[in-house]
Amino acid sequence: MGGRERSDSPSPILTATGIRKRFGRKLVLDNVNLEVRPGEVVAVVGENGAGKSTLLRILAGFLAADAGEVDSRGRVGYCPQEPGLIGLLNAREHLRYFGAARDLPPGDALAQGHELLQALGFPVGDPTLVQNLSSGNRQKLNLVLALLGEPEILLLDEPYQGFDQGTYVNFWNHVETWRDQGKAIVVVTHLLVERQRADRLVELRIPCPSVVGGEPPFGAS
Ligand SMILES: Nc1ncnc2c1ncn2[C@@H]1O[C@H](COP(=O)(O)OP(=O)(O)OP(=O)(O)O)[C@@H](O)[C@H]1O
Ligand SMILES: [Mg+2]
């Protein structure tokens, strides 16, 4: 890891410094730092509950940190762990709706979206409402919505959950392509084999509450 970093690497397009986040008395992120440059893949790893999704929400601007800074110098495409889809709309309607939020004319949103969906093996043109799609196909749509408008920064929170084997391999091939195109990619992952695909790792650990802030451990009486 880190072997790809060279003295002529571009400067970071996304930098997070000293991020701290609490939910009530539970400290979730304590002084977390992350940076990603164009053409780089950073894997965010850690056990369940370590704060990976919380960190990505903060990086995406959906959640405020209690302390620390996020400096983002490009457009962000965020693929949340839980798909933020609308059950009563179909895939085509999602592309138009989410495309409009990115200032894409409907024709462009559909063209871009259909190409990406096709590449992931989604049944393009299927009018099935999202609430009746298989969970793997819902996840494909969730990922494609993050890619609409060709953002320079991709924040992907376990985006391959529910993908079949072929789509999973395909997904990582796409990550390589996006990296080669100069996108900056932050991807939450669990599997060892995926870590080897990344240029760098950010490993999160559940902070020890008795050390930080001097408060009793969460849940302690
Ligand atoms: N809105 C919230 N309110 C209260 N606690 C929260 C909230 N969101 C997350 N948490 C807590 O923060 C901690 C980190 O959650 P998070 O979802 O970021 O973990 P994660 O590393 O993504 O886990 P997983 O691998 O299971 O996806 C957990 O203890 C969780 O219960
Ligand atoms: Mg998570």
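Residues numbered from 1 in each chain as written. Chains lettered and ligands numbered in written order. Predicted model: local features only at pLDDT ≥ 70, side-chain atom pairs only at ≥ 80, totals over all residues. Heavy atoms only, no water.

1. Brief notes about the sheet that holds strand S3 (residues 40-45)
Adjacent strands of a sheet form backbone hydrogen bonds with each other and so pair up, either parallel or antiparallel.
No. 1: Read from one edge to the other, the open sheet built from five strands follows the order S5-S6-S7-S3-S8, with strand pairing classed as parallel. Each edge of the open sheet is held by one strand with a lone partner, namely strand S5 (76-79) and strand S8 (200-203). Sheet twist, expressed as the average angle between the axes of neighbouring strands with direction ignored, equals 15 degrees.
No. 2: In this structure, S5 lies alongside strand S6 (residues 153-157), joined through four bridges in parallel fashion. If you follow Gly77 over to S6, its bridge partner there is Leu154.
No. 3: Set on the sheet, helix H4 (residues 135-147) makes contact with S5 and S6; between it and S5 the angle comes to about 170 degrees.
No. 4: Against the sheet, helix H5 (residues 165-180) engages S3, S6 and strand S7 (184-188), with an angle of about 150 degrees to S7. (Pairing = 2+ DSSP bridges. Helix = DSSP H or I, 4+ residues; strand = E, 2+ residues; numbered from the N terminus. Axes fitted to C-alpha atoms, helices over the stretch in contact; angles between N-to-C directions. Contact = heavy atoms within 4.5 Å.)

2. What to know about the domain arrangement of the chain
No. 1: Each domain of the chain was delimited in the assignment, giving domain 1 (1-74 + 153-221) and domain 2 (85-151).
No. 2: Relative placement of domain 1 and domain 2: their C-alpha centres are 25 Å apart.
No. 3: Between domain 1 and domain 2, the contact holds 15 residues from the first and 10 residues from the second.
No. 4: A combined buried area of about 1000 Å² lies between domain 1 and domain 2, and 66% of that area is made up of carbon and sulfur atoms.
No. 5: Our count for the contact surface shared by domain 1 and domain 2 stands at zero salt bridges.
No. 6: The interface formed by domain 1 and domain 2 holds three residue pairs in polar contact (both at pLDDT 80 or more) in total.
No. 7: Among the elements of the structure, S6 and H5 are those that each provide at least two residues to the side of domain 1 that touches domain 2.
No. 8: Broken down by element, the residue count for the side of domain 1 that touches domain 2 peaks at five residues, all from H5.
No. 9: Taken together, the residues of the side of domain 1 that touches domain 2 sort by class into seven nonpolar, five polar and three charged. (Domains from an automatic or database assignment. Buried area = accessible area lost by both parts, 1.4 Å probe. Salt bridge = Lys/Arg side-chain N within 4 Å of Asp/Glu carboxyl O. Polar contact = N/O pair within 3.5 Å; in protein donor to acceptor, adjacent residues only side chain to side chain. Nonpolar A, V, L, I, M, F, W, Y, C, P; charged D, E, K, R; others polar.)

3. Side note on the packing of aromatic side chains
No. 1: A complete count under the given rule lists eight aromatic pairs for this structure.
No. 2: Ring centres of Phe171 and Trp172 lie 5.2 Å apart, and the angle between their planes is 75 degrees; on these two criteria the pair is classed as edge-to-face. Across the pair, exposure class does not vary: Phe171 and Trp172 are buried alike.
No. 3: Summarising the aromatic geometry, the rings of Phe171 and Trp178 are spaced 6.4 Å apart at their centres and angled 70 degrees between planes, so their arrangement reads as edge-to-face. Each member of the pair, Phe171 together with Trp178, is buried.
No. 4: By the ring-pair criterion, three or more aromatic residues cluster together here, those being Tyr160, Phe163, Tyr168, Phe171, Trp172 and Trp178. (Phe/Tyr/Trp six-rings, centres within 6.5 Å; stacked < 30°, edge-to-face > 60°. Buried < 20%, exposed > 50% of the residue type's maximum accessible area, 1.4 Å probe, protein only.)

4. So, the site of ligand 1
No. 1: If you check the shell around ligand 1, you find 14 residues, and the closest are Lys26, Asn48, Gly49, Lys52 and Thr54.
No. 2: Take Lys52: an N or O atom from its side chain is 2.7 Å from an oxygen atom of ligand 1.
No. 3: Contacts to ligand 1 include Gln81, whose side-chain N or O atom sits 3.0 Å from an oxygen atom.
No. 4: Out of a free accessible area of 630 Å², ligand 1 has 64% covered by protein chains.
No. 5: Contributing elements (two or more residues each) for the shell around ligand 1: strand S2 (26-36) and helix H1 (52-60).
No. 6: Looking at which element gives the most residues to the shell around ligand 1, the answer is H1, with three residues.
No. 7: Taken together, the residues of the shell around ligand 1 sort by class into three nonpolar, seven polar and four charged. (Near = heavy atom within 4 Å. Areas by Shrake-Rupley, 256 points an atom, 1.4 Å probe, with all protein chains shown as cover.)

5. Focus: the coordination of the magnesium ion (ligand 2)
No. 1: Protein coordination at the magnesium ion (ligand 2): the donors are Ser53 (OG) and Gln81 (OE1), at 2.0 to 2.1 Å from the metal. With Ser53 in helix H1 and Gln81 in the loop between S5 and helix H2 (91-101), the pair connects residues that are 28 residues apart, well separated along the chain.
No. 2: Accessibility expressed as a relative area gives 14% for Ser53, which makes it buried.
No. 3: For Gln81, a relative accessible area of 25% puts it in the partly exposed group. (Donors = N, O, S within 2.8 Å, 3.2 Å for Na, K, Ca; no water.)

6. Concerning the nonpolar core
No. 1: Counting 34 residues, the largest nonpolar core has Leu141, Leu143, Leu156, Phe171, Trp178 and Ile185 as its most contacted members.
No. 2: Breaking this core down by element, the ones donating at least two residues are S3, H2, helix H3 (106-119), H4, S6, H5 and S7.
No. 3: Take this core: its biggest share by element is six residues, from H4.
No. 4: Residue-level mapping places this core at the junction of two domains, with at least three residues from each of domain 1 (1-74 + 153-221) and domain 2 (85-151).
No. 5: Excluding residues within four positions of it along the chain, Phe171 makes contact with Leu143, Leu156, Pro159, Tyr160, Phe163 and Trp178.
No. 6: With 24 residues, the next largest nonpolar core counts Val32, Val44, Ala184 and Val202 among its residues. (Core = buried A, V, L, I, M, F, W, Y, C linked by side-chain atoms within 4.5 Å.)

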